[in-house]
Amino acid sequence: MTPAPGPFDGSTEPSPAAADQARLRRLAASQDEQAWAELYQRLAPAMFAVARRLTRAAGDAEDAVQQTFLQLFRARAAFARAEAPRAYALRALRHTLARQAPRVSASLTEDDAVAAAPSDELERAPELDRALAALPFEQREALELKLEGELTFAELGEVLGVPADTAASRYRRALEKLRERLGGAR
Amino acid sequence: MNFDELERALASRAKPRPGAALERRVLTALSREAARERRNTLFALAACLCAFVGLGAWSARIGPLEAHTNESATVVVVSRFLGRDPSGAELARIPRIAPLRGASFSLSGPEGL
């Protein structure tokens with residue numbers, strides 16, 4: 001994803017990413033149902049994908065997405081002021097997931113992370129899914145949020161509540177571990 | 001396998017997609033929430049209106065207060081409210097601000113201060 005232009009980069013036109021964020025903010029400020037239907041179209045696929053990757057069942061992921069949208073709607077004034085609404089929505093989703101399923105939280109151990117993987121998928125999972133399921137939860141979470149949420153490292157840090165460098169190192173460590181596991185399997 | 005290949009492999013996994021049923025569920029929930037908020041706003045407005053009308057009626061009954069001492073203003077307010085002079089016991093039950101020694105009280109200004 002292209003980072004949003006800074007205030008001193010000399011550009012006059014907002015980048016597509018910045019324009020997208022501005023559009024999301026305008027939609028979020030509205031109480032109009034059409035606006036929220038568009039917000040759903042724009043945000044729900046990434047939110048659902050992240051929730052589905054991090055929860056045991058599709059039903060849990062759906063509940064989390066619905067609950068998160070309700071929270072975003074109730075707090076739409078703050079949502080509309082968010083610098084990165086996409087990251088804000090994913091952070092809200094992460095909190096919902098943590099509340100819904102205490103097992104799916106940053107405090108999970110490696111064994112728990114394996115247990116939290118969708119069991120039906122694990123049975124027929126290819127090597128990559130098995131390697132992913134064996135990652136420590138916080139690394140898997142960083143990886144799934146980055147990839148499914150299409151976030152920059154700064155946004156990933158915002159979602160995770162850590163500095164961008166820490167978010168980047170979690171992501172890199174996840175990739176390294178995956179590479180080791182996949183390399184070892186071959 | 002290098003990082004780029006790994007990222008490509010991860011990105012090419014089958015993406016979980018939300019179904020149409022979830023969209024209906026979410027939009028229905030949002031619509032209900034919007035209706036609840038509108039209802040609450042109406043209730044709040046109605047409550048404000050009632051309070052305003054009630055306050056107006058009460059102040060019309062009490063009437064304008066001219067300059068009175070703190071003590072006598074209390075007597076005037078209570079007697080206008082009751083429609084008769086309050087008894088000593090009734091007056092004793094009314095909490096009041098400790099009067100400023102030698103000061104008078106007026107709604108129109110701090111006369112005598």
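Quick caveat, the model's predicted, so the values are computed rather than measured.

A. Representation of the overall build of chain B. In terms of regular secondary structure, chain B is built from four helices and zero strands. The N-to-C order of helical and strand elements in chain B reads α-α-α-α. The long-range share in chain B, meaning contacts at least 24 apart out of those at least 6 apart in sequence, stands at 38%.

B. Expanded view of the interface of chain A and chain B. Contacts between the two partners involve 25 residues from chain A and, on the opposite side, 20 residues from chain B. Element by element, the count of residues in the side of chain A that touches chain B is highest for helix α2 (residues 33–54) of chain A, at 10 residues. Tallied by class, the residues present in the side of chain A that touches chain B amount to 16 nonpolar, three polar and six charged.

C. Expanded view of the nonpolar core. Residue and element names in this part refer to chain A. Judged by nonpolar contacts, the single largest core of 51 residues is most densely connected at Met47, Val50, Ala51, Val65, Leu93 and Leu156. Examining the composition of this core, we find that 12 residues originate from one element, α2, more than from any other. If sequence neighbours within four positions are ignored, Ala51 has contacts with Ala61, Ala64, Val65, Leu93 and Leu97.

Each value, and the rule that gives it
- Along each chain, residue indices are assigned from 1 in the same order as the chain's sequence is written.
- A letter from A marks each chain and a number from 1 marks each ligand, given out in the order of writing.
- Selection of residues for local features in this predicted model requires a pLDDT of at least 70, selection of side-chain atom pairs for listing and counting requires 80 or more, and totals for whole chains, interfaces and linings are taken over all residues.
- Numbering of helices and strands runs from the N terminus; a helix is a DSSP stretch of H or I covering at least four residues, while a strand is a stretch of E covering at least two.
- Any two residues are considered in contact once their C-beta atoms, placed from the backbone, lie within 7 Å.
- In the scheme used here, Gly and all other residues not listed as nonpolar or charged are polar, with Ala, Val, Leu, Ile, Met, Phe, Trp, Tyr, Cys and Pro taken as nonpolar and Asp, Glu, Lys and Arg as charged.
- Among buried residues, those of type Ala, Val, Leu, Ile, Met, Phe, Trp, Tyr and Cys that are joined through C-beta atoms within 7 Å form a set called a nonpolar core.
- Residue burial is a threshold on neighbouring C-beta atoms within 10 Å of the residue's own C-beta, all placed from the backbone, with 20 or more meaning buried, 12 or fewer meaning exposed, and counts in between meaning partly exposed.

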